[in-house]
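Here is what each chain is made of, one letter per residue.
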Amino acid sequence: MLSRKEFLRLSGLVSLAGVVGKSAGASQKKRKSGPVVVSTWDFGLQANAAAWEILKNNGYALDAVEAGVAVPERDPRVTSVGLGGFPDRDGRVTLDACIMDEQLNCGSVACLEHIVHPAAVARRVMEKTPHVMLSGEGALRFALDQGFKTENLLIPQVEAAWKEWLKKADYNPQPNWELNHDTIGMLALDKQNRLSGVCTTSGMAWKMHGRVGDSPIIGAGLYVDGEVGGATCSGLGEEMIRIAASHSVVEAMRSGKSPQAACEAVVRRYYKRRGELAHGKQVCLLAMDNAGNVGAFSLMPGFVYAITHEGKNEVRKAGYLLEK
Ligand code: GLY
């Protein structure tokens, strides 16, 4: 038996999540006018603004998402992405990222150190190698070959936080969502109807060295198929990996569900399968179909996302399944 009360807010969700299309079924989708970009959490506003500069000038969605997430990657105030990200329990900042275009081209880096922009390195993996994923030392060597420069990602205030954690060194890994931010995942549809996505993070604070979450895993943290739509995730990566979350959302859209209905269906199925094991975890899903309709849903409250369309940039609350 599930001990928590489920809050199935079906009626309220439409306005909460700002869904436009009723169904992603091919025959029923109405293309929103102009480009659309969405990203996880409220720091997505600045990221979307950078992406919008490219999209509004008829640029490519892939360039837009890479430029967009470069903003939080470089921002030392964002402690869950790039420079200034919380380190692992050994004090090493290790970054995960992936990128994907409308034709299923994709690239990824996992456990990359010393490079501020892992999403840009992931794109080079996609474009310059016959592979999809590089990890650790090999990813770093590739980045250096590509001209990326090393920097110290462990900035003084984050090093101080790590040293504070070391006093107890209580290994109870939690996602950063308690801080109301986590991974940035971004999806963009450009004027030429090309859809791309990216996902980038420093992962869970104080994780075991070598731990890799969902963010660099194609199908878990991100999936894009220009025929259907894209999805990206935030929250506790282990949970997203279990359910191939982003791919599951895209496949639900392929079968005719709207982005909103697809996100809800995947969260509900996750909870049905995991029950008590899901308590205390967070799963946040964000999706966009190839007509620019958007949906979002999470297991627990607190998930917000940024959406930019027709030059208007705003944060919206996602619906959720369970109260805390
Ligand atoms: N969602 C980011 C992570 O768990 O690493």
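It should be emphasised that the depicted structure is a prediction, and the values quoted were computed from it without experimental measurement. Every chain is numbered independently, its residues counted from 1 as its sequence is written. This being a predicted model, a pLDDT of at least 70 is required before a residue's local features are given, and a value of 80 or more before pairs of side-chain atoms are given or counted; all residues contribute to the totals for chains, interfaces and linings. With hydrogens and water set aside, each side-chain value is computed from the structure's full complement of heavy atoms.

Just checking my understanding: could you explain helix α3 (residues 61-74) for this structure?
Side chains that are three or four residues apart share a direction in an α-helix, a result of its 3.6 residues per turn. What counts as a helix is a DSSP run of H or I of at least four residues, what counts as a strand is a run of E of at least two, and both are numbered from the N terminus. Multiplying one less than the number of residues by 1.5 Å gives the expected span of a helix. For α3, built from 14 residues, the straight-helix expectation of 20 Å at 1.5 Å per residue is met to within 8% by its first-to-last C-alpha distance of 20 Å. Residues of α3 that are buried include every one of A61, L62, A64, V65, G68, V69, P72 and E73, and no others. On its buried face, α3 sits against α2 (44-55), β2 (95-100), α4 (118-128), β5 (184-189) and β6 (195-201). Any residue under 20% of the maximum accessible area for its type is buried, any over 50% is exposed, and the rest in between are partly exposed; the area is computed with a 1.4 Å probe on protein chains only. Residues count as neighbours in contact if any of their non-hydrogen atoms are within 4.5 Å of one another.

How should I be thinking about the pattern of salt bridges in this particular structure?
Side chains that differ in charge, positive against negative, can pair when their charged atoms come close. The rule for a salt bridge is simple: a side-chain nitrogen of Lys or Arg has to be within 4 Å of a carboxyl oxygen of Asp or Glu. Scanning all chains against the criterion turns up 19 salt bridges. We note a salt bridge from E239 to R274, for which the minimum N-O separation is 3.9 Å. In this pair, E239 sits in helix α7 (residues 237-242) while R274 sits in helix α9 (residues 259-274), placing the two residues 35 residues apart along the sequence. Using a relative accessible area of 1% as the deciding quantity, one classes E239 as buried. The exposure class assigned to R274 is partly exposed, which follows from its relative accessible area of 23%. Counted as one network, the salt bridges with shared partners bring together D63, E66, R123 and E127.

When you look at the packing of α4 against helix α5 (residues 136-145) in this model, what are you seeing that I'm missing?
Two numbers describe a pair of packed helices, the interaxial angle and the distance between the axes. Taken N-terminus to C-terminus, the directions of α4 and α5 make an angle of 80 degrees; their axes are 10 Å apart at the nearest point. Taken as axis vectors, α4 and α5 run roughly perpendicular relative to one another. Contacts between α4 and α5 involve V121, R124, V125 and K128 from the first element and A139, F142 and A143 from the second. Structural elements are reduced to axes, namely lines fitted to C-alpha atoms, with helices fitted over the stretch in contact, and the angle between N-to-C directions of any two is expressed from 0 to 180 degrees. Orientation is classified from the angle alone, with under 35 degrees giving roughly parallel, over 145 giving roughly antiparallel, 65 to 115 giving roughly perpendicular, and any other angle giving oblique.

What is the right way to look at unusual backbone geometry in this model?
Most peptide bonds are trans, and most residues other than glycine sit at a negative phi. One non-glycine residue with positive phi stands out, namely N58, at about 70 degrees. A positive phi angle, close to 55 degrees, is found at C111, a residue other than glycine. Relative to the helices and strands, C111 resides in strand β3 (residues 106-112). When its relative accessible area of 10% is taken as the criterion, C111 is described as buried.

What am I meant to see in the site of the ligand here?
Nearness of a residue to a molecule or strand requires only that one of the residue's heavy atoms be within 4 Å of it. Near the ligand you find D182, T183, G203, M204, R211, G213, D214, S215, G235, L236 and G237, and these make up its full shell. N or O atoms within 3.5 Å of each other form a polar contact, as long as, within protein, one can give a hydrogen and the other can take it, and as long as residues adjacent in sequence are counted only when both atoms are side-chain atoms. Here a nitrogen atom of the ligand sits 3.4 Å away from a polar atom, N or O, in the side chain of D182. Coverage of the ligand by the protein chains reaches 98% of its 200 Å² of free accessible surface. Put simply, Ala, Val, Leu, Ile, Met, Phe, Trp, Tyr, Cys and Pro go in the nonpolar bin, Asp, Glu, Lys and Arg in the charged bin, and everything else, Gly too, in the polar bin. Looking at the shell around the ligand residue by residue, the classes come out as two nonpolar, six polar and three charged. Every accessible area reported is derived by Shrake-Rupley at a probe size of 1.4 Å, with residue values counting cover from the shown protein chains alone.

What am I meant to see in α2 here?
Here α2 spans 15 Å end to end across 12 residues, near enough to the 16 Å set by a 1.5 Å rise per residue. Looking only at α2, the buried set comprises G44, A47, N48, A51, W52 and L55. Taken end-on, α2 shows its buried residues confined to a sector of 140 degrees, consistent with a single buried face. The inward-facing, buried residues of α2 abut β1 (36-40), α3, β5, β11 (304-309) and β12 (312-317). Each direction from the helix axis to a C-beta atom contributes to the arc, which is the arc of those directions.

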